[in-house]
Amino acid sequence: MKIKGVNLGNWLVLEKWMSPALFDGTTAEDEYYLPTQLSPEVYEARIKIHRSEYITERDFAAIRRIGLNSVRIPVPYFIFGDRPPFIGCIEELDKAFAWAEKYGIKVLIDLHTAPMSQNGFDNGGLSGVCRWSQMPDEVEFVLHVLEKLAERYGHRKGLLGITPINEPVTEPMWTQMAVQRRYPPADEKLAEGSAPNTMEFLHKFYQDAYSSIRPNLAEDKYIIFHDAFRLKDWKDFFEKSKFENVMLDTHQYLMVAEMAGCRQTLDGYLEYIQEVFAKDIAEVQEYVDVICGEWCLFNSYATGMDTKGGQTVLNGMDYSENVETMDAEAKKHLYRELANAQLLAWQQGAGYFYWSYKLLLDTVNEPNWIGWDSWDLGKCVDEEWFPIVG
């Protein structure tokens, strides 16, 4: 079965750009600082209302209707409620499994954050800080969380698998993204010593994570390792390891392709998708199943300006002069071509998860967000930018 899925991003792990109103009245740029700038009562109410309304049973029915068979659910390291002031969300994940099983949908649990962050991105929960791998006690904490998740869900019918950690950054991407410039730390002292993870650390962590998770999983469930933005650097690791039912997760975004020199035209994107995305996945698929765990239709050409690798207004990009540069039919043609090309590319591997299922942005009244609705799969389907999957 090819995996055809979507991420439930910004539900249990917050990303400010996807739902800016959640951060109203604060200067917080990430989930780490949000509870420090709200009273405990306001923080708890805001989080609980968001979680109860953002994703519901109706969304699983809609996901099935689109033709998808899987969801990837990002969860935080504090999912079990044992890292105050953060509020756990294991009950929400329990509900998601019940909904998924009702509608015949598989769930990939994706541990999306780690204490003191594995990447320094806003989606890692703590912008500009990347120190988790240097803290043995916190690495052990994450392994314990993974073990508990596997014990709780390892034999559930709806489980596809578990991802031990999302997007651990290594040197090439740390430099390419200029992480601490793009995501300036709010506290310089907290960020001291931040550095990319080493491949040696990731090799050991993945081995340890496998040992923590696999004994608690049914045989048909997967452990899915993120490639640390180095898709073609894992051959020896997988050939030397005696793993069962594993996949390699790669995240392939056109905005990152732009940073690598992809031309910001339809032809430029199509060429890159065929010559890089598809060929690289096909090459790695020869020795391990590859899943494209994050991708979307977003690109600078459709926004009418160079977004410098997908930087939002929240990253300090000036979108004040942003205006629509394409009419509806032109935009539909662009996105449909990009959707079909990328869906074909992911066929070289085990499947895909679109990022993301929904956003809470107003791209009509707020010109800063023109073009950003292409991250929203529901909107893409409604606008016929993305095909109903057969």
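Rules used in this analysis
Residues numbered from 1 in each chain as written. Predicted model: local features only at pLDDT ≥ 70, side-chain atom pairs only at ≥ 80, totals over all residues. Heavy atoms only, no water. Buried < 20%, exposed > 50% of the residue type's maximum accessible area, 1.4 Å probe, protein only. Helix = DSSP H or I, 4+ residues; strand = E, 2+ residues; numbered from the N terminus. Pairing = 2+ DSSP bridges. Axes fitted to C-alpha atoms, helices over the stretch in contact; angles between N-to-C directions. Contact = heavy atoms within 4.5 Å. Polar contact = N/O pair within 3.5 Å; in protein donor to acceptor, adjacent residues only side chain to side chain. Phe/Tyr/Trp six-rings, centres within 6.5 Å; stacked < 30°, edge-to-face > 60°.

Asks: Go over the pairing of strand β5 (residues 222-226) with me, naming the residues and quoting the values.
Replies: Here β5 lies mainly inside the structure; four of its five residues are buried. By the bridge criterion, two bridges tie strand β4 (residues 159-163) to β5 in an arrangement that is parallel. Among the inter-strand pairings, G161 is bridged to a residue of β5, identified as Y222. In this sheet, strand β6 (residues 246-251) lies alongside β5 in parallel orientation, the contact comprising four bridges. Each bridged residue has a counterpart across the sheet, and for I224 the counterpart in β6 is M247.

Asks: Can you tell me about the sheet that holds strand β7 (residues 289-294), naming the residues and giving the values?
Replies: In space, the eight strands of this closed barrel follow the order β1-β2-β3-β4-β5-β6-β7-β8, with parallel pairing throughout. On average, each strand axis in the sheet is tilted by 25° relative to the strand beside it, whichever way the strands run. Relative to β4, strand β3 (residues 106-111) runs parallel, the two being bridged by four bridges. Bridge pairing in β4 links D110 to T163. In the packing of helix α3 (residues 90-102) onto the sheet, the strands contacted are β2 (70-75), β3 and β4, and the crossing angle to β3 comes to about 155°.

Asks: Residue-level account of the pairing of β7, with values.
Replies: Taken residue by residue, a regular strand's side chains alternate between the two faces of the sheet. The buried fraction of β7 is high, at five of six residues. Direction of pairing for β7 relative to strand β8 (residues 351-354): parallel, over a ladder of two bridges. Bridging from a neighbouring strand, I291 pairs with G351 of β8.

Asks: So, the side chain of S19: which residues are in play, and what are the values?
Replies: Secondary-structure assignment places S19 in the loop between β1 (3-7) and α1 (40-54). When near neighbours in sequence (up to four residues on either side) are disregarded, S19 contacts N10 and L360.

Asks: Residue-level account of the side chain of T26, with values.
Replies: Structurally, T26 can be placed in the loop between β1 and α1. Given the relative accessible area of 14%, T26 is considered buried. A polar side-chain atom of T26 sits 2.8 Å from the main-chain carbonyl oxygen of F23. Here the side chain of T26 touches A28 through a polar contact of 3.2 Å, landing on its backbone nitrogen. Those residues in contact with T26 that sit more than four places away from it in its chain are L34, Q37 and L38.

Asks: So what's going on with the packing of aromatic side chains? Which residues, and what values?
Replies: In this description, an aromatic ring pair is defined by two values, namely the gap between the centres and the angle between the planes. For the structure on display, the rule yields 40 aromatic pairs. Taken together, a centroid distance of 4.8 Å and an interplanar angle of 15° make the contact between F78 and F86 stacked. F78 gets classed as buried once you look at its relative accessible area, which sits at 3%. Looking at F86, the relative accessible area reads 10%, which means it is buried. When the ring of F298 is compared with that of W372, the centres are 4.3 Å apart and the planes differ by 35°; the resulting orientation is tilted. Note that F298 is positioned in the loop between β7 and α12 (300-303) and W372 in the loop between β8 and α14 (377-382), a separation of 74 residues in sequence.

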